[in-house]
Amino acid sequence: MNFDYVQDPAVLQMVERLGEHYRANIDTRFIRTALLQIPLEKNQWDLVEDLTKVDQLRSQGYVLENLYRELAAAARLVSVARRNLLPNIRNRVLTVGSGSGSDRILRDMAVNAFGTNMDIFEKMVQEIFAALVQMDKADHKHGRRPLYNQMPELADLVGTL
């Protein structure tokens, strides 16, 4: 079986759930403006976007190297958001505008749950990464180094296993 192209239904489902969680709980209309202000390079944002978007073509599978890079960018987003947004998210989101009563309640709920939602997102990233590493190891038992060992940008994620 060739794992250079990931087609495992369980992994595809995990990635889909990750994207749903991101869109519903992190990249919300209440948080988005503040989230986009954190210091993350455009290519990292692009990788996170690629990982979390709905794409019928991607439901056919993922190029392993690309998926690894996207997961590394998502892990970086978590780290940077915790350091640069989470401590003052309430102030950053409140400056966007007060909104109507129901919007204010939804905004407060999004702000209050942001840390927990980032924790859930991080755990999902780690679970997908762990599943890929297992597949990568199994596919490369015969002399070749697993791909994740060849990608320095994955060092932080490897440390979470």
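For the structure, check the block above.
Asks: Mind laying out the overall build of the protein chain, listing which residues take part and the relevant values?
Replies: Looking only at helices and strands, the protein chain has seven helices and two strands in total. The helix and strand sequence of the protein chain, counted from the amino end, reads β-α-α-α-β-α-α-α-α. Surface exposure of the protein chain reaches about 9,000 Å², of which carbon and sulfur atoms provide 51%.

Asks: Tell me what's going on with the nonpolar core, and back it up with residues and numbers.
Replies: Core analysis: the biggest nonpolar cluster contains 50 residues, and L35 and Y68 have the highest contact counts within it. Those elements that place two or more of their residues in this core are α1 (9-26), α2 (32-35), α3 (42-52), α4 (64-84), α5 (89-94) and α6 (101-139). Ranked by the residues each element gives to this core, the list is headed by α6, at 13 residues. Beyond its immediate chain neighbours, meaning those up to four positions away, L35 contacts Y22, I26, D27, W45, L77, L85 and F114.

Asks: Go over the side chain of D27 with me, naming the residues and quoting the values.
Replies: With respect to the helices and strands, the residue D27 is situated in the loop between α1 and α2. Setting aside its immediate chain neighbours within four residues, D27 contacts Y22, R32 and L35.

Asks: Can you explain the pattern of salt bridges? Please cite residues and give values.
Replies: Inspection of every chain in the model, using the stated rule, returns 10 salt bridges. Note that R69 is salt-bridged to E153, the shortest N-O span being 3.0 Å. Here R69, found in helix α4, pairs with E153, found in the loop between α6 and α7 (155-158); they are 84 residues apart in sequence, far enough to count as distant. R69 sits in the partly exposed class, given a relative accessible area of 31%. One salt-bridge network, in which partners are shared between bridges, spans E65, R69 and E153.

Cut-off values and rules
- Residues numbered from 1 in each chain as written.
- Predicted model: local features only at pLDDT ≥ 70, side-chain atom pairs only at ≥ 80, totals over all residues.
- Heavy atoms only, no water.
- Helix = DSSP H or I, 4+ residues; strand = E, 2+ residues; numbered from the N terminus.
- Areas by Shrake-Rupley, 256 points an atom, 1.4 Å probe, with all protein chains shown as cover.
- Core = buried A, V, L, I, M, F, W, Y, C linked by side-chain atoms within 4.5 Å.
- Buried < 20%, exposed > 50% of the residue type's maximum accessible area, 1.4 Å probe, protein only.
- Contact = heavy atoms within 4.5 Å.
- Salt bridge = Lys/Arg side-chain N within 4 Å of Asp/Glu carboxyl O.

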